[in-house]
Amino acid sequence: MSENNIVEEIKDEEIKFIADRMLGKLVKWLRILGYDTAYPSFDNDLSLILIARQENRILLTRDVNLIKRRNICDFLFIESDHWEKQLLGIIKGLKLKIDLNSKIFSRCSLCNTLTKEVDKKEIKNYVPPYVFLTQNKFVYCPSCKKYYWRGTHWQRMTQKIQKLSLNESGERFQKNE
Ligand SMILES: [Zn+2]
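Moving on to the overall build of the chain. Broken down by element type, the chain carries 6 helices and 7 strands. Within the chain, the proportion of its 177 residues that are buried is 22%. Taking contacts inside the chain between residues at least 6 apart in sequence as the whole, the part at least 24 apart equals 56%.

Written out as C-alpha cells, the structure reads:
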C-alpha cells in the first residue's frame, strides 16, 4: 500500500467503497464479501471524489493523477493490475476481518443490492440440478432476479483469504514452532 493512503481506522461494518472504472472484477468480489461498493458508470474524477465524500466511501483507484489532487477524500491507491492481488491487498491494508459466514453473498455482485435468503425448496427449477444437489444455502437479488450460491470460484477464494489471515498471524508465532 502506498504511503499516500489516508484511510484511518474505521470499523469494519462501516467500511464502504467506491471504485473507478478500472476495477470491475475487484468490485464484484468486494460485494461478494459483503462490502457496500459503488461502481459508477461514469469516469469523472471530480464526481467520484464528491460521491466518496458525500457517502463516506473509500475511493479505490488505479489512477495516479487522481490521487495527486488536493483535498481528495479517503482513498486507497491500488497498485496491482490483478484483481486477486488487489483484493488481498485491501484486506491486508485495511486489516479487514472477513466474515466468511453471515456476510458472504449478502450483496448482489452485479448491482450492490442487499440479497435475500431463499428456501432451497423454492429454487429447484431455477438452478442447475448439480448445484441443487450439492448446495444448501441460496440467496436472491430482488433487483437483478438472480440466485447466488457458494460455487467453486467462491471456495477457491475462501481458501486464499484464509491462507492470507494465517500468514498474517503466522509471522508472530513462527519462532515458537
Ligand atoms: Zn442485483
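Across the sheet, 4 strands lie side by side as β2-β1-β3-β4; this open sheet has parallel pairing. Edge strands, defined here as strands with exactly one partner in the open sheet, are β2 (36-38) and β4 (75-77). The average undirected angle you get between the axes of adjacent strands in this sheet is 25°. In terms of strand pairing, strand β1 (residues 16-19) meets strand β3 (residues 58-61) through 3 bridges, oriented parallel. Counterpart to isoleucine 18 in the pairing with β3 is leucine 59.

Let's shift gears to the packing of helix α1 (residues 24-32) against helix α4 (residues 83-93). Two elements in contact, α1 and α4, have axes whose closest approach is 9 Å; the angle formed by their N-to-C orientations is 45°. As far as their axial angle goes, α4 and α1 are oblique. Of the two elements, α1 crosses α4, and the hand of that crossing is right-handed. Across the interface between the two elements, Lys25, Leu26 and Trp29 of α1 pack against Trp83, Gln86 and Leu87 of α4.

Another aspect to go through is the sheet that holds strand β7 (residues 146-148). If you trace the 3 strands from one edge of the open sheet to the other, you get β5-β6-β7, paired in antiparallel fashion. On the outer flanks of this sheet lie β5 (116-118) and β7, each paired with one strand and no other. Taking the axes of each pair of neighbouring strands and ignoring which way they run, one obtains an average angle of 40° across the sheet. Pairing analysis gives 3 bridges linking strand β6 (residues 138-141) to β7, with the strands arranged antiparallel.

So, on to the nonpolar core. One finds Ala19, Leu26 and Leu60 to be the most contacted residues of the largest nonpolar core, which totals 27 residues. Looking at this core, the elements that each hand over two or more residues are β1, α1, α2 (45-54), β3, β4 and α4. Among the elements that line this core, the one with the most residues is α1, at 5 residues.

The next thing to look at is the pairing of β3. Every second residue of β3 is oriented toward a common face, with Ile58 and Leu60 on one face and Leu59 and Thr61 on the other, all of them buried. Bridge analysis of β3 against β4 gives 3 bridges, and the strand direction is parallel. Directly across from leucine 60, in β4, lies its bridge partner leucine 76.

Take unusual backbone geometry next. If you check the backbone angles, asparagine 56 has positive phi at about 60° while not being a glycine. Topologically, asparagine 56 is positioned in the loop between α2 and β3. Notably, lysine 95 is not glycine yet its phi reads approximately 50°, a positive angle. Among the structural elements, lysine 95 can be located in the loop between α4 and β5. Exposure remark for lysine 95: the 9 C-beta atoms within 10 Å place this residue in the exposed category.

Within the secondary structure, glutamine 162 is located in helix α6 (residues 152-173). Along the chain, glutamine 162 and leucine 100 lie 62 residues apart, while their C-alpha atoms are 9.2 Å from each other.

All buried positions along α1 are accounted for by Leu26, Val27, Trp29, Leu30, Arg31 and Ile32. Among the residues trailing α1, glycine 34 stands out with phi positive, at a value near 100°.

What counts and what doesn't
- Residues numbered from 1 in each chain as written.
- Predicted model: local features only at pLDDT ≥ 70, side-chain atom pairs only at ≥ 80, totals over all residues.
- Helix = DSSP H or I, 4+ residues; strand = E, 2+ residues; numbered from the N terminus.
- Buried ≥ 20, exposed ≤ 12 C-beta atoms within 10 Å, placed from the backbone.
- Contact = placed C-beta atoms within 7 Å.
- Pairing = 2+ DSSP bridges.
- Axes fitted to C-alpha atoms, helices over the stretch in contact; angles between N-to-C directions.
- Parallel < 35°, antiparallel > 145°, perpendicular 65-115°, else oblique.
- Left-handed = near helix turned anticlockwise from the far one by under 90°.
- Core = buried A, V, L, I, M, F, W, Y, C linked by C-beta atoms within 7 Å.

Without other data, these values stay purely geometric and don't point to any function.
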